[in-house]
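The chain contents come next:
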Amino acid sequence: SVGLGSDVYYGYRFYVPKGWDTGTKGWGFAIAQIHFEAVFGAPIEFLLSDDHLTLGLETGSCVAAGTAASGCQFRSNADNAPCASTSARTCLPGYYLIPPGMSQGVWQEVVLHVHWASDKSGQIEAWYRPKGTTSWKQSVSISGIPTVQWSAGKACCPSAAVDKFGAYRSYSTTPTSFWLDNVSTANT
């Protein structure tokens, strides 16, 4: 189910070897799509680039792709800055789950906390660290936005959502891969 009012913590670990390249530029290499509801992509995405991990957001009321006004009410993507604020869209600052300067050849760990909401009670927090270090660094703290999606002109929300973990990117002629381990969820 969509789980409105619930809190979920996601643990995520990934590895890219030294010299790794996404093979494509732009929105990056999607390695997690959290709470995919089949409305407009996923409301929360992890977008991997050569030296950082970006938090991609498309939340709230969404207009279908392929139309002039496509997109969602709240949007953020630090790597894809063009976002025209309108009366129907709020462009949030860009957020990094792991900021530029991320080391390659080291397992990276991310913890994401989401309070799932269709109103301003939504919250997203994230922490990261290279595996083996003892301290976590908070990289994201967002509140006051919906964290789910729904189709414009319809009532919130779809009846189901899924979390998708793997690799997804736009067209590229260069093969690439990354390693994924220890994806987990908990309510605390």
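Residues numbered from 1 in each chain as written. Predicted model: local features only at pLDDT ≥ 70, side-chain atom pairs only at ≥ 80, totals over all residues. Heavy atoms only, no water.

J.: Would you mind showing me how to read a nonpolar patch on the surface here?
T.: Nonpolar side chains collect at one region of the surface, where Phe-165, Leu-180 and Val-183 lie side by side and expose about 200 Å² of accessible area between them. Tracing the chain through its elements places Phe-165 in strand β12 (residues 162–169). Residue classification places Phe-165 among the partly exposed residues on the basis of a relative accessible area of 32%. (Patch = residues over 30% accessible without salt bridge, like charges linked within 9 Å, V, L, I, M, F, W, Y side chains within 5 Å. Areas by Shrake-Rupley, 256 points an atom, 1.4 Å probe, with all protein chains shown as cover. Salt bridge = Lys/Arg side-chain N within 4 Å of Asp/Glu carboxyl O. Helix = DSSP H or I, 4+ residues; strand = E, 2+ residues; numbered from the N terminus. Buried < 20%, exposed > 50% of the residue type's maximum accessible area, 1.4 Å probe, protein only.)

J.: Explain the side chain of Glu-45 here, please?
T.: Of note, Glu-45 is situated in strand β3 (residues 44–48). Buried and unpaired, Glu-45 has no salt bridge, with Lys-164 as the nearest side chain of opposite charge at 7.6 Å. Side chain to side chain, Glu-45 and Gln-33 meet in a polar contact 3.2 Å long. Sequence-distant contacts of Glu-45, that is, excluding residues within four places in its chain, are made with Ala-32, Gln-33, Thr-54, Leu-55 and Gly-56. (Lys, Arg positive; Asp, Glu negative; His and termini not counted. Polar contact = N/O pair within 3.5 Å; in protein donor to acceptor, adjacent residues only side chain to side chain. Contact = heavy atoms within 4.5 Å.)

J.: How should the nonpolar core be read in this particular structure?
T.: Of all hydrophobic cores here, the largest spans 35 residues; its most connected members are Phe-14, Ile-44, Phe-46 and Leu-112. Contributions of two or more residues to this core are made by β1 (7–15), β2 (29–36), β3, β4 (53–63), β7 (95–98), β8 (108–115), β9 (123–130) and β10 (137–143). With sequence-adjacent residues up to four places away left out, Leu-112 is seen in contact with Val-8, Tyr-9, Tyr-10, Ile-34, Ile-44, Phe-46, Leu-97, Ile-124, Glu-125 and Ala-126. (Core = buried A, V, L, I, M, F, W, Y, C linked by side-chain atoms within 4.5 Å.)

J.: Sorry if this is basic, but what is going on with the packing of aromatic side chains here?
T.: Any aromatic ring pair is given by two values, namely how distant the centres are and how the planes are angled relative to each other. Here the structure, examined in full by the defined rule, presents seven aromatic pairs. Measuring from ring centre to ring centre gives 5.4 Å for Tyr-15 and Trp-107, while their planes differ by 40°; the resulting arrangement is tilted. Taken together, the residues span a long stretch of sequence, with Tyr-15 in strand β1 and Trp-107 in the loop between β7 and β8 at a distance of 92 residues. Judged by its relative accessible area of 15%, Tyr-15 falls in the buried class. With a centroid separation of 5.6 Å and 85° between ring planes, the pair formed by Trp-20 and Phe-29 is classed as edge-to-face. Like Trp-20, the residue Phe-29 is buried in the burial classification. Grouped by ring-pair contacts, the aromatic residues Tyr-12, Phe-14, Phe-46 and Phe-165 constitute a single cluster. Lys-164 extends its terminal NZ or CZ atom over the ring of Phe-36, reaching a point 3.9 Å from the ring centre. (Phe/Tyr/Trp six-rings, centres within 6.5 Å; stacked < 30°, edge-to-face > 60°. Lys NZ or Arg CZ within 6 Å of the ring centre and 35° of its normal.)

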